[in-house]
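# Geometric and topological summary
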Amino acid sequence: MSEEAARDLTALPEAGKNNENSCNGSVPVTVLKSIDKNHKEKEREKPVLLAEPALNGDNKVNTGAEIGNSEVEYIESENLNDVEDVDTNLKTLLTGLDSKDWVLVCEALNDVRRLSIFHKEAMVDMLGNVISLIVKSLKNPRSAVCKTAIMASADIFKAYCDSIVDLMDPLLVQLLLKSSQDKRFVCEAAEKALIAMTTWVSPSLLLPKLQPNLKHRNPRIRAKASMCFSRSVPHLVRVLIAEISLSI
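Our subject in this report is the structure included herewith. (Residues numbered from 1 in each chain as written. Predicted model: local features only at pLDDT ≥ 70, side-chain atom pairs only at ≥ 80, totals over all residues. Heavy atoms only, no water.)

The full count for this structure, using the stated rule, is six salt bridges. The closest approach of N and O atoms between Arg114 and Asp111, which form a salt bridge, is 3.2 Å. Here Arg114 pairs with Asp111, and both are found in helix 5 (residues 102-118), just three residues apart, close to one helical turn. Classification of Asp111 by relative accessible area gives buried; the value is 19%. With a closest N to O distance of 2.5 Å, Lys224 and Glu191 form a salt bridge. Note that Lys224 is positioned in helix 11 (residues 219-247) and Glu191 in helix 9 (residues 184-200), a separation of 33 residues in sequence. One exposure class covers both Lys224 and Glu191, and it is buried. (Salt bridge = Lys/Arg side-chain N within 4 Å of Asp/Glu carboxyl O. Helix = DSSP H or I, 4+ residues; strand = E, 2+ residues; numbered from the N terminus. Buried < 20%, exposed > 50% of the residue type's maximum accessible area, 1.4 Å probe, protein only.)

What follows is the structure, given as structure tokens:
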């Protein structure tokens, strides 16, 4: 037998072992380590859920914003209850409105609404600061804060009427802007606030405030200002007719 043939016979057991391993389903250690490493890397890439996503009635997953907004209850003005302690509410009101906790801000805005309805005289001295912070909330990107601030604006218009005319310029611009945005429930609330404004603020005082916004560079603000102007003019006509009738 030649040396070459002898070497071939020596190699046969090794080949047999490899074939046997392949037949009985065994995988070489190096391949197993590679698979295990890739699996761990993929596991690290998966996002970690801190809590199970909530499902709504249609079995759709609610986003974080929707879950957050569900913590706020939008109460109509006629359903609001009086505050428990007026003095305590007044002391903490500005701090609450300026809080970084959006839930506390919403609670403070609802307190503004309650005070406007049940104790409007108590809040008169701080009304300027309150309106400034309401404007800040109107600019808040969180819809729950924005809508609650809009509802507070409507209650302020109804409670204080003409006495807030000198404070309403920044408030008016934000309401005009919010009434033309894409989020429907915010837009509808802003429309109601603007209707309250044209209803409770005298047209002779309101029209000069609206007039500059008729030429605003933002076309949406111009459009909404025009609608408010057209609603307010008939009120002015009725007032003038009533005054003329009394003078005759």
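In this section: the side chain of Ser179. Checked against the element boundaries, Ser179 lands in the loop between helix 8 (169-178) and helix 9. Its relative accessible area of 1% is what places Ser179 among the buried residues.

The gaps left among the atoms become clear once a water-sized probe is rolled over them. Put simply, the largest pocket is a space of about 500 Å³. Together, 23 residues line the largest pocket, and Glu76, Ser77, Ala154, Asp155 and Lys192 are the ones closest to its centre. For the lining of the largest pocket, the secondary structure elements donating two or more residues are helix 5, helix 7 (143-160) and helix 9. When the residues that make up the lining of the largest pocket are grouped by side-chain class, the tally is 12 nonpolar, three polar and eight charged. (1 Å grid on protein atoms, 1.4 Å probe; cavity = no way out; pocket = protein on both sides within 12 Å on 5 of 7 lines; lining within 4 Å. Points joined across faces, edges and corners; volume = space filled by probe spheres on them. Nonpolar A, V, L, I, M, F, W, Y, C, P; charged D, E, K, R; others polar.)

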